[in-house]
Amino acid sequence: MINKLTSLLAAAKISLSDQQKQQLLGYVGLLDKWNKAYNLTSVRDPQQMLVRHIMDSIVVAPHLRGSRFIDVGTGPGLPGVPLAIVMPDAHFTLLDSLGKRVRFLRQVQHELGLTNIDPVQSRVEEFPSEPPFDGVISRAFASLNDMVSWCHHLPAADGRFFALKGQHPQDEIDALPAGFSVERIESLVVPQLEGERHLVVIRRD
């Protein structure tokens, strides 16, 4: 696993410490272990988790701005946990409405010694934003419209929404409500992952 992770990181031109690599592998190990009972992800093969969960998350890191982020609908901690490991100076609130996922994330926090994540069980529209966040991140929302509508109270005035998407979502961009606009779209390259990946960065007008 360490060899596969090292080659994936090299292909993506991402440099991490040995400790960070071990934390990423530890997270995959916990995900694999808990998945059998909790059904946290449809990806069953740990080698595939490295590509579809770890690399798919951390390629976003260079495009994030700020130090306080909230990962809404984080599920088993994606992309929040891998991002927290590779961005130790940033803090990530991991928000999910399902108790079993939050219990898993607390176990991850404990076993990996992650002091920069805060797993929270809450519905996003009921979660207070005090203080507001630099970035609202999600790869789980159905549409950009839903994301900005349900999470509009979370970012600071100069904060951003960071939406992880597959194909370029032009129809969703066209359907954004008034008051929000796309600042930029980054095309992401994930080694050994088939299909397109895009990061859509949205700001308030």
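Rules used in this analysis
Residues numbered from 1 in each chain as written. Predicted model: local features only at pLDDT ≥ 70, side-chain atom pairs only at ≥ 80, totals over all residues. Heavy atoms only, no water. UniProt positions renumbered as here; feature names shortened; annotations may be inferred. Helix = DSSP H or I, 4+ residues; strand = E, 2+ residues; numbered from the N terminus. Buried < 20%, exposed > 50% of the residue type's maximum accessible area, 1.4 Å probe, protein only. Contact = heavy atoms within 4.5 Å. Pairing = 2+ DSSP bridges. Right-handed = clockwise from strand over helix to strand, strands pointing away. Core = buried A, V, L, I, M, F, W, Y, C linked by side-chain atoms within 4.5 Å. Polar contact = N/O pair within 3.5 Å; in protein donor to acceptor, adjacent residues only side chain to side chain. Phe/Tyr/Trp six-rings, centres within 6.5 Å; stacked < 30°, edge-to-face > 60°. Lys NZ or Arg CZ within 6 Å of the ring centre and 35° of its normal.

- Within an unreviewed UniProt entry, the label attached to the protein chain reads Ribosomal RNA small subunit methyltransferase G, and the organism entered is Candidatus Pantoea multigeneris.
- Quoted verbatim from the Sequence similarities (unreviewed entry) field of UniProt, the annotation for the protein chain is "Belongs to the methyltransferase superfamily. RNA methyltransferase RsmG family."
- The record in UniProt for the protein chain states the following under Subcellular location (unreviewed entry): "Cytoplasm".

Some thoughts on the UniProt feature "binding site: S-adenosyl-L-methionine" (unreviewed entry) in the protein chain
Part 1 of the reasoning: The feature "binding site: S-adenosyl-L-methionine" (unreviewed entry), as given by UniProt, occupies Gly 73, Leu 78, Val 124, Glu 125 and Arg 139 in the numbering adopted here.
Part 2 of the reasoning: With respect to the helices and strands, the residue Leu 78 is situated in the loop between strand 1 (68-72) and helix 4 (80-86).
Part 3 of the reasoning: When its relative accessible area of 6% is taken as the criterion, Leu 78 is described as buried.
Part 4 of the reasoning: Assignment of secondary structure puts Val 124 in the loop between strand 3 (117-121) and strand 4 (133-138).
Part 5 of the reasoning: For Val 124, a relative accessible area of 10% gives the class buried.

Examining the environment of Phe 92
Part 1 of the reasoning: Tracing the backbone shows Phe 92 in strand 2 (residues 91-96).
Part 2 of the reasoning: We classify Phe 92 as buried; its relative accessible area is 0%.
Part 3 of the reasoning: Sequence separation between Phe 92 and Pro 119 is 27 residues, and the spatial gap between their C-alpha atoms is 8.5 Å.
Part 4 of the reasoning: Beyond its immediate chain neighbours, meaning those up to four positions away, Phe 92 contacts Phe 69, Gly 80, Leu 83, Ala 84, Met 87, Asn 116, Ile 117, Asp 118 and Ile 137.

Some thoughts on the pairing of strand 2
Part 1 of the reasoning: Counted residue by residue, strand 2 has five buried out of six residues, so it is predominantly covered.
Part 2 of the reasoning: Bridge count for strand 1 against strand 2 is five bridges, and the pairing is parallel. Bridge assignment links Asp 71 to a residue of strand 2, and that residue is Leu 94.
Part 3 of the reasoning: In terms of handedness, the path from strand 1 via helix 4 over to strand 2 forms a crossover that is right-handed.
Part 4 of the reasoning: Bridge count for strand 2 against strand 3 is five bridges, and the pairing is parallel. Of the residues in strand 3, the one forming a bridge with Thr 93 is Asp 118.
Part 5 of the reasoning: A crossover links strand 2 with its parallel partner strand 3, the connecting element being helix 5 (residues 99-112), and its sense is right-handed.

Regarding the nonpolar core
Part 1 of the reasoning: Counting residues in each nonpolar core, the largest one holds 48 residues, and the members touching the most others are Tyr 27, Met 87, Phe 92 and Phe 104.
Part 2 of the reasoning: Of all elements in the fold, only helix 1 (2-11), helix 2 (18-38), helix 3 (46-58), helix 4, strand 2, helix 5, strand 5 (155-165) and strand 7 (198-204) reach the threshold of two or more residues within this core.
Part 3 of the reasoning: Take this core: its biggest share by element is seven residues, from helix 2.
Part 4 of the reasoning: Setting aside its immediate chain neighbours within four residues, Phe 104 contacts Tyr 27, Leu 30, Leu 31, Trp 34, Leu 40 and Pro 76.

Comments concerning helix 3
Part 1 of the reasoning: The set of residues buried in helix 3 consists of Met 49, Leu 50, Val 51, His 53, Ile 54, Met 55, Asp 56, Ser 57 and Ile 58.
Part 2 of the reasoning: Regarding helix 3, its N-cap is Asp 45, as a side-chain oxygen of that residue lies 3.1 Å from the backbone nitrogen of Gln 47 further along.

With respect to the packing of aromatic side chains
Part 1 of the reasoning: Enumeration according to the criterion identifies seven aromatic pairs in this entry.
Part 2 of the reasoning: Relative to Trp 150, the ring of Phe 141 has its centre 5.5 Å away and its plane inclined at 55°; by these criteria the two rings are tilted.
Part 3 of the reasoning: By relative accessible area, which is 15% here, Phe 141 ends up buried.
Part 4 of the reasoning: Its relative accessible area of 43% is what places Trp 150 among the partly exposed residues.
Part 5 of the reasoning: These aromatic residues form a ring-pair network of at least three members: Tyr 27, Trp 34, Tyr 38 and Phe 104.
Part 6 of the reasoning: A cation over an aromatic ring shows up here: Arg 68 above the ring of Phe 133, its NZ or CZ 4.4 Å from the ring centre.

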